[in-house]
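Now for the letters of each chain:
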Amino acid sequence: MRMRNKKNAAERIAACGDYLFGIDLIPQNMPVRLEIGCGKGGFICKSAETLPEVFFIGMEKIPSVIVSAIEKANGLNLDNLKFITGDAKNLPDYFPGDFIDLIYLNFSDPWHKRYQHDRRLTSPFFLNIYKKILKKNSKIILKTDNINLFDYSLKTMPENNFNIKLKTYDLYKSEFYNAPKINPASKIQTEYEKKFLEKNIPVCYLEAELIPN
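Cut-offs applied
- Residues numbered from 1 in each chain as written.
- Predicted model: local features only at pLDDT ≥ 70, side-chain atom pairs only at ≥ 80, totals over all residues.
- Heavy atoms only, no water.
- Core = buried A, V, L, I, M, F, W, Y, C linked by side-chain atoms within 4.5 Å.
- Buried < 20%, exposed > 50% of the residue type's maximum accessible area, 1.4 Å probe, protein only.
- Helix = DSSP H or I, 4+ residues; strand = E, 2+ residues; numbered from the N terminus.
- Contact = heavy atoms within 4.5 Å.
- Salt bridge = Lys/Arg side-chain N within 4 Å of Asp/Glu carboxyl O.
- Pairing = 2+ DSSP bridges.
- Axes fitted to C-alpha atoms, helices over the stretch in contact; angles between N-to-C directions.
- 1 Å grid on protein atoms, 1.4 Å probe; cavity = no way out; pocket = protein on both sides within 12 Å on 5 of 7 lines; lining within 4 Å.
- Points joined across faces, edges and corners; volume = space filled by probe spheres on them.
- Nonpolar A, V, L, I, M, F, W, Y, C, P; charged D, E, K, R; others polar.

Details of the nonpolar core
Right, so step 1: Formed by 34 residues in total, the largest nonpolar core has its most connected members in L34, L91, F95 and Y130.
Right, so step 2: Of all the secondary-structure elements, those providing two or more residues to this core are β1 (32–36), β2 (55–60), β4 (100–106), α5 (124–131), β5 (134–144), α6 (147–159) and β7 (204–210).
Right, so step 3: Residues within four places of L34 in sequence aside, it is in contact with I57, M59, L91, F95, I100, L102, I103, Y104 and I133.
Right, so step 4: Membership of the second largest hydrophobic core comes to 33 residues, among which are F43, V54, A69 and L171.

The structure is reproduced here in structure tokens:
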């Protein structure tokens, strides 16, 4: 479904300029987590509220989408959250090496057709980009309703120096969902996730840890 352009998106984003990313705005003593494809900001804003000791960054390449996230954060007066309007392929332009503690990939575009697979956010192309900015022993957390993308990710991640630590095809029925070892922010639901649960569509989930060189 094509996303409608929001009127005056650029002006509305500029009006919430305090929430725009700058590397010099990130406190050096806080862990940093990045959501790629933050959409309208439901997950990233709730995460920043829930974990004030963590600094969050939401990335979205569509201005008409991210404007809703930025305005949401502005209304909540969150001081541990910034946003980037940009493409994940340019992540090394924003962050130095050994910087990000955790990357969230929540319900990313599955790019169904085989010739589109290189555009998936768990393709070898993107995994190698993430390795340039992630800290040692950092993690990627993936949620998706798309089993094909999930199976693809279970294959590509180990092939590209990521060790699968947790995996399930149904997060909310998994044996570890209420266990202490699951990441607390993983229980925070995105807008898509809430809709899938209402329709009894299972949510696939994995945590993958970067293997040090």
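As for the pattern of salt bridges
Right, so step 1: Enumeration over the complete set of coordinates arrives at seven salt bridges.
Right, so step 2: When the shortest N-O distance is used, the salt bridge between K135 and D101 registers 3.4 Å. Taken together, the residues span a long stretch of sequence, with K135 in strand β5 and D101 in strand β4 at a distance of 34 residues.
Right, so step 3: Residue D101 is classed as partly exposed on the basis of its relative accessible area, which comes to 23%.
Right, so step 4: Linking E207 and K139 is a salt bridge whose minimum nitrogen-to-oxygen distance equals 3.0 Å. Remark: K139 occurs in strand β5 and E207 occurs in strand β7; sequence separation between them is 68 residues.
Right, so step 5: For E207, a relative accessible area of 1% translates into the label buried.
Right, so step 6: In this structure K139 comes out as partly exposed when scored by relative accessible area, which is 22%.

Quick look at the sheet that holds β1
Right, so step 1: Spatially, the seven strands line up as an open sheet ordered β3-β2-β1-β4-β5-β7-β6, and their pairing is mixed. Each having just a single partner strand, β3 (81–85) and β6 (162–168) make up the two edges of the open sheet. Averaged over all pairs of adjacent strands, the angle between strand axes in this sheet comes to 20 degrees, irrespective of strand direction.
Right, so step 2: As paired strands, β6 and β7 are joined by six bridges and run antiparallel to one another. Following the sheet pairing, T168 is matched in β7 by Y205.
Right, so step 3: Packing against the sheet, helix α3 (residues 63–76) makes contact with β2 and β3, and its axis sits at approximately 170 degrees to β3.
Right, so step 4: Strands in contact with α5 are β1, β4, β5, β6 and β7; relative to β5, the strand with the most contacts, it is inclined by about 140 degrees.

Focus on the layout of surface pockets
Right, so step 1: Of the volumes computed, that of the second largest pocket is approximately 180 Å³.
Right, so step 2: If you go around the second largest pocket, the residues you meet are D98, K131, L134, K135, K136, N161, L210, I211, P212 and N213.
Right, so step 3: The element contributing the most residues to the lining of the second largest pocket is β5, with three residues.
Right, so step 4: Within the lining of the second largest pocket, the residues separate by chemical class into four nonpolar, two polar and four charged.

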